[in-house]
Amino acid sequence: MYTALHLQRRLRAEVRSGAVEVVVVTPDPYMTYQPFLPEAAAGSISPRHVVVPLRRVLDRCRIVIGEVTSLDHDGRTATVTTLATEEEAAGPLELAYDELVLAPGSVSRTLPVPGLADHGIGFKTVEEAIGLRNHVIEQMDIASSTRDPAVRDAALTFVFVGGGYAGVEALAELEDMARYTARYYHNIKPQDLKWVLVEASDRILPEVGEAMGRYTVRELRARNIDVRLETRLESCADRVAVLSDGSRFPTRTVVWTAGVRPAPVLAATGLPLDARGRLVCTPYLTVEGVDHAWAAGDAAAVPDVTAPEPGRECAPNAQHAVRQAKVLADNLAASLHGRPLRQYAHRYAGSVASLGLHKGVAHVYGRKLKGYPAWFMHRAYHLSRVPTFNRKARVMAEWALAGLFKREIVSLGSLEHPRAEFALAAGPPSDTAVTADSSPDAHDTDGGGGPDDPRGTDGRGGARGPGGTGPATE
């Protein structure tokens, strides 16, 4: 999005005259500002305000909602599967291009852990963030209403795997939200909730430095969060999280944020990849040894020309990706006009992380901050970086209102199955419902829960959140 945004500005005259067309192929009609996902999950920001509609921002570009399945760079064509491909008899769309920009980002890096594919929940998209929020509150509802101690303990146990930004911020924000929500349950206390953070290395948040990482561990443990370092998730089959240290946690919630990997589409491009599957790039953001091909972001292995030792590459985070996009657009426009290209050079400024409301850590330009100052810097920095003035104003307004009013504690899990209620009403009468109540009004007051109930078997009339039926920043 950032590359296209800068291109439509740099090439305004050419785009207006029709000499240049900028085509953006993307699976979603919006860009997600991922650093705000933890706050969206905690309810501090509305989910529609952490995404940027592409058709509004890229008003001079052609937007194609679909996925590139293969590339023929020698023939300058891309094969794209769109939303209408299944409806059309012509098959996938073939797009011709002159210059190629690859910025597909990354996807969650999973491991062959038994039960993970069935019960794990990711945290890379706004849908996953909101689904996780609904799921956590729903588990509290289950724990509040059950008479089985084992079901209650499993519902109130939340296991997060991965001690990077995504895992720590998501866990900290959700724990903060759940602790607040517990005050509205007559039989759930904050200390009843069990939060477990599993990290394979000996530290968390390595980006903020060792000292701030140790502080974060102390801060989380002071909030009754069980931090397990040098520990791995061995299995989560049968809704039991088994750790490498021998611990076993019956749980209905396993959140996987243990790293990312480049988007799989890169393997179908035929372009040079490194050992991690990222595109091999030059400091000018061109693909090594390939003409008319450019790359940036998580999918690009870009040399860090500011590093003191040779061979280092830019970290796959938003700080580099946003800046690379601007340089890429400038270089692409320069190449079209026959001007020299410039190298991408940005010295890492540092990192900030939120640990819940009014809590955070930061290591910026060598200075270490913690607590409220770090939390304030986290919000100020990301507010300055979120695209468009419209989004900035809306996010700031929501923060202001959140300071004046109480948090929302509503779970909208039924959003994931919007037709369930209507399908139940329009379907044939359930024998189970008639048996339970054979009065003439029985079908008008059916609470669900029968074996044919598309809303699930919890009998509450709402669909379960992710993981409720089974089945990872910056």
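Reading guide: rules and limits
- Residues numbered from 1 in each chain as written.
- Predicted model: local features only at pLDDT ≥ 70, side-chain atom pairs only at ≥ 80, totals over all residues.
- Heavy atoms only, no water.
- Helix = DSSP H or I, 4+ residues; strand = E, 2+ residues; numbered from the N terminus.
- Buried < 20%, exposed > 50% of the residue type's maximum accessible area, 1.4 Å probe, protein only.
- Lys, Arg positive; Asp, Glu negative; His and termini not counted.
- Charge placed at Lys NZ, Arg CZ, Asp CG, Glu CD.
- Axes fitted to C-alpha atoms, helices over the stretch in contact; angles between N-to-C directions.
- Left-handed = near helix turned anticlockwise from the far one by under 90°.
- Contact = heavy atoms within 4.5 Å.
- Nonpolar A, V, L, I, M, F, W, Y, C, P; charged D, E, K, R; others polar.
- Salt bridge = Lys/Arg side-chain N within 4 Å of Asp/Glu carboxyl O.
- Phe/Tyr/Trp six-rings, centres within 6.5 Å; stacked < 30°, edge-to-face > 60°.
- Lys NZ or Arg CZ within 6 Å of the ring centre and 35° of its normal.
- Patch = residues over 30% accessible without salt bridge, like charges linked within 9 Å, V, L, I, M, F, W, Y side chains within 5 Å.
- Areas by Shrake-Rupley, 256 points an atom, 1.4 Å probe, with all protein chains shown as cover.
- Pairing = 2+ DSSP bridges.
- pLDDT = per-residue confidence, 0-100.
- Expected span 1.5 Å × (residues − 1).

### Describing the overall build of the protein chain
Okay, so step 1: From N to C terminus, the protein chain includes 14 helices and 23 strands.
Okay, so step 2: Seen through its principal axes, the protein chain has C-alpha atoms that stretch 80 × 60 × 45 Å.
Okay, so step 3: A buried classification covers 49% of the 474 residues belonging to the protein chain.
Okay, so step 4: If you average the places of the 53 positive and of the 57 negative side-chain charges in the protein chain, the two averages end up 10 Å apart.

### Remarks on the packing of helix 1 (residues 2-10) against helix 10 (residues 318-336)
Okay, so step 1: Where helix 1 contacts helix 10, the axes come no closer than 8 Å and their chain directions differ by 35°. Classified by chirality, the crossing of helix 10 by helix 1 is right-handed. Residues Tyr2, Thr3, His6, Leu7 and Arg10 of helix 1 form the contact with helix 10, whose participating residues are Val322, Ala325, Lys326, Leu328, Ala329, Asp330, Leu332 and Ala333.
Okay, so step 2: Along the lines of polarity and charge, the residues of the contact of helix 1 with helix 10 split into eight nonpolar, two polar and three charged.

### As for the pattern of salt bridges
Okay, so step 1: One pass over the full model with this rule turns up 17 salt bridges.
Okay, so step 2: A salt bridge links Asp330 to Arg10; its shortest N-O distance comes to 2.5 Å. Note that Asp330 is positioned in helix 10 and Arg10 in helix 1, a separation of 320 residues in sequence.
Okay, so step 3: Of the residues examined, Asp330 reaches a relative accessible area of 16% and is grouped as buried.
Okay, so step 4: The class of Arg10 is partly exposed, set by a relative accessible area of 36%.
Okay, so step 5: One salt bridge connects Arg342 with Asp330, and the closest N-O pair in it is separated by 3.3 Å. Of the two residues, Arg342 sits in the loop between helix 10 and strand 21 (350-354) while Asp330 sits in helix 10, which places them 12 residues apart along the sequence.
Okay, so step 6: Residues joined by salt bridges that share partners form a network here, namely Glu175, Asp176, Arg179, Glu219, Arg223, Lys359 and Arg407.

### Regarding the packing of aromatic side chains
Okay, so step 1: Taken as a whole, this structure holds six aromatic pairs when the rule is applied.
Okay, so step 2: A ring pair is formed by Phe158 and Trp195, whose centres lie 4.4 Å apart and whose planes are at 25°; its orientation type is stacked. Separated by 37 residues along the polypeptide, Phe158 in strand 10 (residues 157-161) and Trp195 in strand 11 (residues 194-198) bring together distant segments of the chain. Assigned by exposure class, Phe158 and Trp195 land together as buried.
Okay, so step 3: Taken together, the aromatic side chains of Tyr33, Phe36 and Trp399 make up a single cluster linked through ring pairs.
Okay, so step 4: The ring of Tyr180 is capped by Arg407, whose NZ or CZ atom sits 5.9 Å from the centre of that ring.

### Topic: a positive patch on the surface
Okay, so step 1: The grouping of Arg9, Arg12, Arg16 and Arg60 at the surface amounts to a positive patch.
Okay, so step 2: Overall, Arg16 belongs to the exposed group, its relative accessible area being 63%.

### Here we look at the sheet that holds strand 13 (residues 233-235)
Sheet strands associate in pairs through backbone hydrogen bonding, adopting either a parallel or an antiparallel arrangement.
Okay, so step 1: Spatially, 13-14-15 is the arrangement adopted by the three strands of the open sheet, whose pairing is antiparallel. The sheet is open, and its two edges are formed by strand 13 and strand 15 (248-250), each paired on a single side. Across the sheet, the mean angle from the axis of one strand to that of its neighbour is 35°, orientation sign disregarded.
Okay, so step 2: With two bridges connecting them, strand 13 and strand 14 (residues 240-243) associate as antiparallel partners. By the bridge assignment for strand 14, Leu233 is matched with Leu243.

### A short note on the packing of helix 6 (residues 126-145) against helix 8 (residues 165-181)
Okay, so step 1: Where helix 6 contacts helix 8, the two axes come as close as 11 Å, and the packing angle between them is 35°. Crossing angle aside, the handedness with which helix 6 passes helix 8 is right-handed. Residue-level contacts link Leu132, Arg133, Val136, Ile137 and Met140 of helix 6 to Leu174, Met177, Ala178 and Thr181 of helix 8.
Okay, so step 2: In the contact of helix 6 with helix 8, the residues fall into seven nonpolar, one polar and one charged.

### Things to note about the sheet that holds strand 22 (residues 360-364)
Okay, so step 1: Across the sheet, which stays open at both edges, the three strands sit in the order 21-22-23 with antiparallel pairing between neighbours. Edge positions in the sheet fall to strand 21 and strand 23 (367-370), since each of these pairs with one other strand and no more. Adjacent strand axes in the sheet meet at a mean angle of 5° when their direction is disregarded.
Okay, so step 2: Of the pairings in the sheet, the one linking strand 22 to strand 23 comprises four bridges and is antiparallel in character. Directly across from Val364, in strand 23, lies its bridge partner Arg367.

### A few points about the confidence of the model for the protein chain
Okay, so step 1: On average, residues of the protein chain carry a pLDDT of 87, and 90% of them reach 70 or more.
Okay, so step 2: Low pLDDT, under 50, characterises residues 433-474; the predicted model gives this stretch 87 contacts beyond four residues in sequence or across chains.

### Side note on helix 10
Okay, so step 1: Across its 19 residues, helix 10 extends 27 Å between first and last C-alpha, which sits within 8% of the 27 Å expected from 1.5 Å per residue.
Okay, so step 2: Residues of helix 10 that are buried: Gln319, His320, Gln324, Ala325, Val327, Leu328, Ala329, Asp330, Asn331, Leu332, Ala333 and Ala334.
Okay, so step 3: Elements in contact with the buried residues of helix 10: helix 1, strand 7 (100-102), strand 19 (293-295), strand 21 and helix 11 (372-385).
Okay, so step 4: Within two residues after helix 10, Gly338 carries a phi angle of roughly 75°, on the positive side.

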